[in-house]
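Chain and residue survey
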Amino acid sequence: MQRAGDDARDADHRMETVEEVAGGREDSRREEQWQTGKGVFVAITQAVQRAPHYPEGHNLYGLVCEARSDSCSAIAAYRRARFAANVSTVATPSSCKHDITANLSRALCVAGHFLDGTRECKVLEEEGFLDNRGLLIYAVALWELGKSDQALSIAKHLTASVSSSDLKTAADVLGMICKLLYHIVGMKYTWPVILKKKDTLLQRSRNVFLIASVKARNTSEHLETFFSSGIESLLSHEEAFELHSLIAMAKWLSCGSNREMGISCAKKHLKRALHIYPHSVSIRNQLSTLLIWDKNWKAAHCVSNCTGMGTSMYLTSKLSKPAYENLGSAAVSCYSSCSRNTSFSTCEDQHTCREKPTHLLQRWCHQQPWNHKPKYLIIVTFYQEARERKFPRHICYMLKRLLMSAFASETSAGNCETYQKLMLLLCASELCLQCGDYSGCLHYATDASQLSLPNGVLFFSHLQLCRAYSSVGDLGALQVEYQKCLQIGTCYEIGWLLLKFLECTFKLKSGSNTIDMNFEACLKEKGSCWYRWMALFNLVDIQIFISDQEFLLAEALLRRVCSHQVDACLLFLHGVVCMEVARKQSDSNFLSLAVKSLSKAREMKVFPLPIVSAMLAQAHASLGAKSNWERDLRLEWYSWPAEIRPAELYFLMYLVARQSKEASEIESSQAPVKWFLHAIHLNPSCLRYWKVLQKVKGQP
């Protein structure tokens, strides 16, 4: 009876800790028995009403109330039970009275009435009926009252007096003692007790998590080596999943401040665990979260695979809330995953998702219409798609409706987080800017700058104001917002990168080299990839040089960047700039440099990058290498998907077909003039094609 009452729970975290230490959680089977619905509660209520003079009825009613997390009703029931036992004409056994008092003391502690709880425990101690569980309750109450020395004394006495005859009960009591010791004196004194009583503690599977949680704080030894290889046989699958999650977090903690290494160690362990338990949703969700937190720019592509979207598990199970959230976050963080049919991505990884992320988020939104998170992720994901597609009108219109709905629901319900509100306001501001609504752009950006957020985040609202003022030509306001950005600063590399571009474009004056110094300090503080970010930072100067027609300076800077960060796009840009310098200076040496860079760019990509081979063909043609010119144009043909090949490519293939002595399979598939006619059909507005058509009339 008394053990049944140990199932009482409280929602408050502090009360939950007290209840756990005091033995307030038993096996899940017993908890289910006491919480089987209204049947037990209705039956015991009727029993109390029919026999109000019977003490055991009130006692059982109190136990049921505890199981329903109603501590106040349980206290009242126990007090009625004791009163009924004292005034009953029939002699009540003393053991029954002591059970009622023990239950009352426990309920008082769970409800936070620790002083009253200690009084009840003291009565039991004086009468000699305070057992081990009662002593634990007494120790918890003393600890909560600030009498840690007395509580510690009781805990040490219990540790020495626990009997090993009943291993299950001993494991329960020892687990509770260890929790209490940890709260009172910390890990230093708790860990020796765990080591001494390890075999007894492991008789209960829930104590595995107690040991793992304490051990995770001790970074001197790996957690997985502490447990024997057969420990998982004592655990259910769900408990094994939770243990592996704890081990992964312990490995992260063991790396200290090295966040990147910590994430890497945790990922490695979870991947190993996933091979053992491939259908574990919790392990997959945790691994997906770590992939999103990873600084590897391509890690987000693995999230759809990790959540099981590409496997049969997706067809036979429902996605959990963390899975939806991880998929949505991955779709937002991957800047080139939205429109495969309308643009080319330099990203070599491809999603294997059976459904688009937006479809999955919409399903989540329909399942939980009260939840603001899926609506937020849908908006930001559609915004990424609109950005990649150059903000088409139909997506902009849809985004405006979604944003208005989000702002209306946030105003009425107030359930939008401040950071999410900032992102939505910035999305709305950028949308207005792209659609030419400059007043709306300024309105949303100003609202975003007035939110209560850290300066490092508000930096982007002022940056958006800079872009808005530059669009309307208000250079005075632009200079003011630019100075605000310099003053508040940010810890995000992309912020300084964009501010540098604005500074160079509009010749803004800062009085010092503030942006460069802050950018480098940001890289050192966050441990980011130095060469990658510096290449992007230098790319801003390169763009300014190109816009100012300073191609020699752009080429020199590009050459230096490519020597540190080898990237196909940078090599492609270097080759194009070298060709422009060669054209202006009539220098064949730059043509050779262009061929070298463009060849490297083409070789680096697993998937052919369009336009690279066309530019390489032009460089070879300028050098007089006709065979290379033909080969490069044929490679360019295969670089494009059939449905989006441009008109100029058909025109170039016409030239190859006319001039090639040994026609390949491509040119011989149709007459040369048909290549040219296809180019005109695709782009009839090109006057150059019509002029050439007049010259080729009558040709086969």
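Please read all numbers here as calculations on a predicted model, not as lab measurements.

Rules of the game
Along each chain, residue indices are assigned from 1 in the same order as the chain's sequence is written. Under the rules for a predicted model, residues below a pLDDT of 70 receive no local features and side-chain atom pairs below 80 are neither given nor counted, while totals for whole chains, interfaces and linings still include all residues. Hydrogens and waters are ignored; side-chain quantities use all the structure's heavy atoms. Here a strand is any run of E in DSSP of at least two residues, a helix any run of H or I of at least four, and the numbering for each starts at the N terminus. Under the scheme applied here, a residue whose accessible area is under 20% of the maximum for its type counts as buried, over 50% as exposed, and between as partly exposed, the area being computed with a 1.4 Å probe on protein chains only. The definition of a nonpolar core used throughout is a set of buried Ala, Val, Leu, Ile, Met, Phe, Trp, Tyr and Cys residues joined through side-chain atoms within 4.5 Å. We call two residues in contact when some of their heavy atoms are within 4.5 Å. To estimate how far a helix should extend, the number of its residues minus one is multiplied by 1.5 Å. Aromatic pairing here means that ring centres of Phe, Tyr or Trp (its six-membered ring) are within 6.5 Å. Orientation follows from the plane angle: under 30 degrees is stacked, over 60 is edge-to-face, and everything else is tilted. Whether a charge lies above a ring is judged from NZ of Lys or CZ of Arg, which has to be within 6 Å of the ring centre and within 35 degrees of the ring normal. The patch calculation keeps residues exceeding 30% relative accessible area without a salt bridge and links them within 9 Å when they carry like charges or within 5 Å when they are nonpolar (Val, Leu, Ile, Met, Phe, Trp, Tyr). All accessible-area figures derive from a Shrake-Rupley calculation using a 1.4 Å probe, and residue coverage is judged against the displayed protein chains alone. One side-chain nitrogen of Lys or Arg within 4 Å of one carboxyl oxygen of Asp or Glu is enough to make a salt bridge. For every residue, the pLDDT score states the predictor's confidence, bounded by 0 at the bottom and 100 at the top.

This part is about unusual backbone geometry. One can expect most non-glycine residues to show negative phi and most peptide bonds to be in trans. Positive phi is not limited to glycine here, since lysine 507 has a value of about 55°. Mapped onto the elements of the fold, lysine 507 is located in the loop between helix H28 (493-506) and helix H29 (514-526). Although it is not a glycine, isoleucine 611 adopts a positive phi angle of roughly 80°. Within the element layout of this structure, isoleucine 611 appears in the loop between helix H33 (588-604) and helix H34 (612-622). Judged by relative accessible area, isoleucine 611 falls into the partly exposed class, the value being 40%.

Turning our attention to the nonpolar core. One recurring pattern in soluble globular proteins is that nonpolar side chains are buried together. Grouped together as the largest cluster of nonpolar side chains are 55 residues, with contacts concentrated most on Ile283, Leu399, Leu403, Phe407, Leu422 and Leu424. The element that contributes the greatest number of residues to this core is helix H24 (residues 418-435), accounting for nine residues. If we ignore the near neighbours within four places in the chain, the residues touching leucine 403 are Ile379, Leu424, Cys427, Ala428 and Leu431. Counting 41 residues, the second largest nonpolar core, distinct from the first, contains Phe114, Tyr138, Met176 and Ile194.

Our focus in this paragraph is the environment of glutamine 585. On the secondary structure map, glutamine 585 appears in helix H32 (residues 568-585). Each C-alpha atom of the pair glutamine 585 and leucine 552 lies 10.0 Å from the other, and the pair is 33 residues apart in sequence.

The end-to-end C-alpha distance of helix H30 (residues 530-547) is 26 Å, a good match for the 26 Å that 18 residues give at a rise of 1.5 Å each. The set of residues buried in H30 consists of Trp533, Met534, Ala535, Phe537, Asn538, Leu539, Val540, Ile542 and Ile544.

Okay, H28 next. With 14 residues, H28 should cover 20 Å at 1.5 Å per step; its first-to-last C-alpha distance of 21 Å lies within 8% of that length. Within the sequence span of H28, burial applies to Glu493, Gly495, Trp496, Leu497, Leu499, Lys500, Leu502, Glu503 and Cys504. Just past H28, the residue lysine 507 takes up positive phi, approximately 55°.

We now examine the packing of aromatic side chains. Throughout the structure, instances matching the rule amount to 15 aromatic pairs. Judged by centre distance (5.8 Å) and plane angle (20°), the rings of phenylalanine 407 and tyrosine 444 are stacked. Within this pair, whereas phenylalanine 407 is found in helix H23 (residues 393-413), its partner tyrosine 444 is found in helix H25 (residues 438-449), the two being separated by 37 residues in sequence. A single burial state applies to phenylalanine 407 and to tyrosine 444, both of which are buried. Clustering of aromatic rings is evident, with ring pairs tying together Phe459, Phe460, Tyr492 and Trp496. Over the aromatic face of phenylalanine 41 sits the side chain of arginine 68, whose NZ or CZ is 4.1 Å from the ring centroid.

What follows concerns the environment of alanine 155. Among the structural elements, alanine 155 can be located in helix H10 (residues 148-161). Considered as a pair, alanine 155 and asparagine 132 are 23 residues apart in the sequence and their alpha carbons are 9.8 Å apart. Those residues within four positions of alanine 155 in sequence are excluded, and the remaining contacts are Ile177, Leu180 and Leu181.

What follows concerns a nonpolar patch on the surface. Taken together, the side chains of Tyr492, Ile494 and Leu498 present a nonpolar region at the surface, about 250 Å² in accessible area. With respect to the element layout, leucine 498 can be found in helix H28.

It is worth spelling out the pattern of salt bridges at this point. All chains considered together, the criterion is met by 15 salt bridges. Put simply, aspartate 116 and arginine 119 hold a salt bridge, and the shortest N to O gap is 3.2 Å. Note that aspartate 116 and arginine 119 are positioned in helix H8 (residues 114-127) at a spacing of three residues, about one turn of the helix. Accessibility expressed as a relative area gives 49% for arginine 119, which makes it partly exposed. In this structure, arginine 602 and aspartate 632 form a salt bridge, with 3.0 Å as the shortest nitrogen-oxygen distance. Of this pair, arginine 602 sits in helix H33 while aspartate 632 sits in helix H35 (residues 626-639); the two residues are 30 residues apart in sequence, bridging distant segments of the chain. For aspartate 632, a relative accessible area of 0% gives the class buried. Look at the salt bridges and you will find they share partners, linking Arg602, Arg631 and Asp632 into a network.

This paragraph deals with the confidence of the model for the chain. Regions with low pLDDT should not have their predicted coordinates read in detail. Here the chain shows a mean pLDDT of 79. Residues at 70 or above account for 81%. Averaged pLDDT values for the elements of the chain fall to 34 in helix H1 (residues 2-5) and rise to 95 in H25. Contacts from residues 1-36, a stretch scored under 50 in pLDDT, to residues over four places away or in other chains number 85 contacts. A low-confidence stretch, residues 336-343 (pLDDT under 50), is modelled with 20 contacts involving residues beyond four sequence positions or located in other chains.

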